[in-house]
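Residue-level structure breakdown
Spelled out from the first residue to the last, the chains are:
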Amino acid sequence: MPAPLATPADNFPDQPTCEITRAVRHLLEPDDPFVDAVYQICAKKRNGKGIGSGTYSNTFELVKKARNLSQNTDVEAVWVRIHELSQDFPTADFQWNGKMAADTDVTAWRWIFIDVDTDASEGKIPSAEDKQLSRQDAINVRKMLDQHGIPVTTADSGNGWHLLIPFRQPVSPETSELVRKFVQAVAYHAEAQLKQSHIDTKVTNPSRLCKLYGTWSRKADSEELWRCSKLLTESYTIATTQQIQAFIDKYPIPEPKPSPARTAEFGGEITEAKMEEFFDFFGIRHNNRKPFKGSGSKWYIKDCPIGHHTTPSTSSRTMVSLSEGIPGFCCHAEKCGAYGWKQLREHLESGGRKFSFFPKSQPERPENGQSEPADDDWVDSVAEDTPDAPLTFKESKRGAKPKLITRPMSDIKTKPVKWLWQGYLPEKLTILAGAPGTGKSTMAYTFAGIVSSGGYWPDGTKAKQGRVLIWSGEDTADDIIKPRLVEAGADPNFIEILEHAPGPDGAPVPFDPAIHIPDLRELVEYHGDVLMIIIDPIVSAVTGDMNKSNEVRRALDGIGDLADDFHANIFGITHFGKNTQGKDATERLLGSQAFGAKPRMVLVTGKDRVTEECVIVRSKSNIAPCSGGFKYKLNIVQQQSETNEGELDTVQIEWLGHLEGNARDILFEIENGPTEPTAFDKAKQLLRSCFDDKPEWDPKEVFELGKLEGIGQGSIRQAYKVIGADTKKAFGGGAFWFMPEGQS
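Summary of the structure given here. (Residues numbered from 1 in each chain as written. Predicted model: local features only at pLDDT ≥ 70, side-chain atom pairs only at ≥ 80, totals over all residues. Heavy atoms only, no water.)

A few points about the overall build of the protein chain
Scanning the protein chain from terminus to terminus reveals 16 helices and 33 strands. Residues classed as buried in the protein chain amount to 48% of the 744 residues present. Across the protein chain, the fraction of contacts at a sequence separation of at least 24, relative to all contacts at a separation of at least 6, is 67%. (Helix = DSSP H or I, 4+ residues; strand = E, 2+ residues; numbered from the N terminus. Buried < 20%, exposed > 50% of the residue type's maximum accessible area, 1.4 Å probe, protein only. Contact = heavy atoms within 4.5 Å.)

Set out below in structure tokens:
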């Protein structure tokens, strides 16, 4: 049985170790805890003269070594082998020039790796501004994958952004080809959305290395551009080969087809002289012709026509070739790796200029003596240099108007998001999820009471009054739902229970949110004042498998459209999956990832089992801050029954105040108790206390104070940079630390 994964804080309390441990746990932890595994880390020296590796069966030792390497300023970066290595691969302590694993040593895929690099990273380190601009590109790529139900883990590599798709398949030629095509498909079809970045399509082999998040990237000479990598979000849903293949099938990459050699009727084969005429025609700078594949020729291009970048090194050269009369194009730069000769021709000729490698064949004159076809009707397909090049049709050749309906963006007017409760309940689909015992249904009925009576939200703002519709597959109306509504101050005249819908023969049948949304739409339209619709649980709205993204999305699309069309908040309730503590809060939702991806707002609840206090926090929001919430308590109260059968017990929510912070941290603390401050946190507190006491400090004095508190110099130096302190030279030699105005 493998050694347990290293635990943060217990052995290395400073923050970087916790981040490294988190990354190792997420990237490398075996799905089966009873399977032995080996893990390899690699590192590179900043002078470029040393590459080392170490292979471990104990992740504690791996994390310990990675931390030490990362703290060494002579080390440029630390990487980890993200796929499953053969159990026979020998373990060894880290050493420079150590044995590196090859593709043949990898037995199974664990991730599909997508590297979103800033354009500035070719030739120079991206500035903070460049990196921030490329962040939106990475977000757009993730959204594209998310729309196809493909789960994604995200990370900051230090100089760019990484998207990792959980993928568990044995290594084989078929899976390797599948991964290669998928990465190229993502790169090709995300290109239109990438403004400041490009996707690396060159390295998709099984022995792929990945930055070990939590370690430093020191690729630049200047310390100002040294950055610490970090795992941002985690996904535990595994992508299937069917999902990956479906994406490839939906977004195929146009690959040039083999072109047969030209025959005499087209003017002969393309010659080297014609190729150089082609270069001159489009103003392409190139070097002299060189031999290629025996009798062929090649030319290195000085400025890539597609990527508009220079190619000074062999690692990013751009080349045009000619072999057996067939032209080719290849660029080794990351942004152009998927393009061939066909794409080069299309790019160069997109401006209207067209080069003909062969003289046009003249159409035969009809035997009846009529004149040749008019120029306007002539389609120049013969003059193309390859059979698969696009034909140039005139307007009259387009045929019938397509049936697809579009709407110009110029006809669309921007408008603000409308809210039932500002920042928390939009007039859109909202999901509330949490563990049992946190009062999710009671929370929904409390919100219903506030809306129906025009009461006040927990932050003190006044609610709009309107009608609320409730469907519950778990609670009965007379002894659970209504008593809780009464305690919430609801106006029963503005609340209705969805009980029945017309069946196939016209007779009433129990309302089913999976099939009766059209009937619900008619009811909402009839009332005209519905502001909130509660569906508990939301998984009941799915007719198929709640674990399949496509089926969940289809169900939620109809519900989301209902909310958008009638400006109502649809409030769906669901549960956390089992054994999901510690994960990203939205990733904990039961069922398909689409339950968290489709709604515009996801709220989550948690409970302190000791104090019985609960929290409701924003976990995911595309339209409001994605943090903060409220603390509350569930009180058991007695209420007189309306049937005069005595008193009944019901539940009431007592609001305890506002909360700050992200959902994951708040839930982790309330479910596991408060965490001890790290050495880094203590160092920041120490420095702030020092600067509050006096404006200038000798670093040696600060180190002595830290020593008394058990805080190392490394943590103090790191905190010194983070809090914005600065250094000045002291009169007579030496230096002192001070805090500039405006910093804290």
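Brief notes about the pairing of strand E33 (residues 735–738)
Bridge analysis of strand E31 (residues 696–697) against E33 gives 2 bridges, and the strand direction is antiparallel. Residue pairing in the sheet places glutamate 696 in a bridge with phenylalanine 738 of E33. Both strand E32 (residues 726–729) and E33 contribute to a ladder of 4 bridges, which runs antiparallel. By the bridge assignment for E33, aspartate 726 is matched with phenylalanine 738. (Pairing = 2+ DSSP bridges.)

What about the pattern of salt bridges?
Pairing between side chains of opposite charge can happen when their charged atoms approach one another. Applying the stated criterion across every chain yields a total of 18 salt bridges. The closest approach of N and O atoms between glutamate 76 and lysine 44, which form a salt bridge, is 4.0 Å. Placement of the pair is glutamate 76 in strand E3 (residues 75–81) and lysine 44 in strand E1 (residues 39–45), with a sequence separation of 32 residues. On the accessibility criterion, glutamate 76 (12% relative accessible area) is buried. Using a relative accessible area of 27% as the deciding quantity, one classes lysine 44 as partly exposed. For glutamate 612, the salt bridge goes to lysine 607, with nearest N and O atoms at 3.1 Å. Shared partners join several salt bridges into a network, and the residues in it are Arg22, Glu234 and Arg664. (Salt bridge = Lys/Arg side-chain N within 4 Å of Asp/Glu carboxyl O.)

A word on the side chain of lysine 684
One can find lysine 684 in helix H14 (residues 679–693). Note on lysine 684: relative accessible area 19%, which makes it buried. Beyond its immediate sequence surroundings of up to four residues, lysine 684 is in contact with Ala719, Val722 and Ile723.

Some thoughts on unusual backbone geometry
The omega torsion of the bond from aspartate 536 to proline 537 falls at 0°, within 30 degrees of zero and hence cis. With respect to the helices and strands, proline 537 occurs in the loop between strand E25 (530–536) and helix H11 (549–566). Unlike most non-glycine residues, histidine 567 shows phi in positive territory, near 50°. Of note, histidine 567 is situated in the loop between H11 and strand E26 (569–575). Of note in this structure, asparagine 644 is not a glycine but carries a positive phi near 60°.

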